[in-house]
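Letter by letter, the chains look like this.
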Amino acid sequence: MNLVGTLARFDERTVRMALAGVLVLVLAAAVTYLVVPEGRALRDAWQAREALRNTIGNRTRMDAEIAALGGHIEELQKRLHGDMASRPVRQMESYIIGRLQAISWRHKVELRGVTPGQGRQVRMFREIMFDVQLAGGYFALVGWLRDLSRELGFVVVKEYELVPATRDTRDPPLLLKLKMVSYRSEAAA
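Residues numbered from 1 in each chain as written. Predicted model: local features only at pLDDT ≥ 70, side-chain atom pairs only at ≥ 80, totals over all residues. Heavy atoms only, no water.

Trainee: Please give an account of the sheet that holds strand β2 (residues 125-136) that cites residues and values.
Mentor: Read from one edge to the other, the open sheet built from 4 strands follows the order β1-β2-β4-β3, with strand pairing classed as antiparallel. With one partner strand each, in any of the chains shown, β1 (110-122) and β3 (155-164) form the two edges of the open sheet. In this sheet, adjacent strand axes meet at a mean angle of 15° when their direction is disregarded. As paired elements, β3 and strand β4 (residues 174-185) share 9 bridges and run antiparallel to each other. Its bridge partner being in β4, Pro164 is matched across the sheet by Leu174. (Pairing = 2+ DSSP bridges. Helix = DSSP H or I, 4+ residues; strand = E, 2+ residues; numbered from the N terminus. Axes fitted to C-alpha atoms, helices over the stretch in contact; angles between N-to-C directions.)

Trainee: A description of the side chain of Glu127 should follow, citing residues and the corresponding values.
Mentor: Note on placement: Glu127 falls in strand β2. Side chain to side chain, Glu127 and Lys158 meet in a polar contact 3.0 Å long. (Polar contact = N/O pair within 3.5 Å; in protein donor to acceptor, adjacent residues only side chain to side chain.)

Trainee: Requested: an account of helix α2 (residues 12-57), with residues and values cited.
Mentor: Between its first and last C-alpha, α2 extends 64 Å over 46 residues, near the 68 Å set by a 1.5 Å rise per residue. In α2, a bend of some 35° at Val31 exceeds every other bend along the element. (Expected span 1.5 Å × (residues − 1). Bend = angle between axes of the 7 residues up to and from the residue.)

Trainee: Describe the pairing of β2, with residues and values.
Mentor: Bridge analysis of β1 against β2 gives 10 bridges, and the strand direction is antiparallel. Within the sheet, the bridge partner assigned to Pro116 lies in β2 and is Phe130. The loop that links β1 with its antiparallel partner β2 comprises 2 residues; one of these, Arg123, has a positive phi angle of about 55°. In this structure, β2 lies alongside β4, joined through 12 bridges in antiparallel fashion. Counted as the bridge partner of Gln133 is Lys177 from β4.

See below:
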């Protein structure tokens, strides 16, 4: 049997519906496998283009953010190490003594003595130790200690002794003796 003979047995309406069904299936397959994936790819390409356009448009903002973060990193390094991070070990003692004297003048505290000592190795850090003697009023000494931390970075007071400098019972100046330790990374040395 041939196809024309088989089709002649069906009425015209059934043939049209069968052809319409086949056409609908072909169209559905074409849309599902050809048009929809291309539409998704086009949408993804547009989204990527817009993201790139926004990134390029925000470049100045991003440059400003990077500069701000770089400044923040420098600030954190200064808080941690003070100005000592970039100094050679040989210059450390004279630098620290100079900073101690400047802080003392600022707070009207008498710097009576600074004696460098030998620190020890603590893991990956080297201790830089100083015995310091100061004389001044209580609040001036507190301000001195606060500025010490700001200017020299991470400084630890290991030992301290606070006694009246004179026997005057009315607001006597105080004598502060302390053992101050600063830590320096061995990698920086």
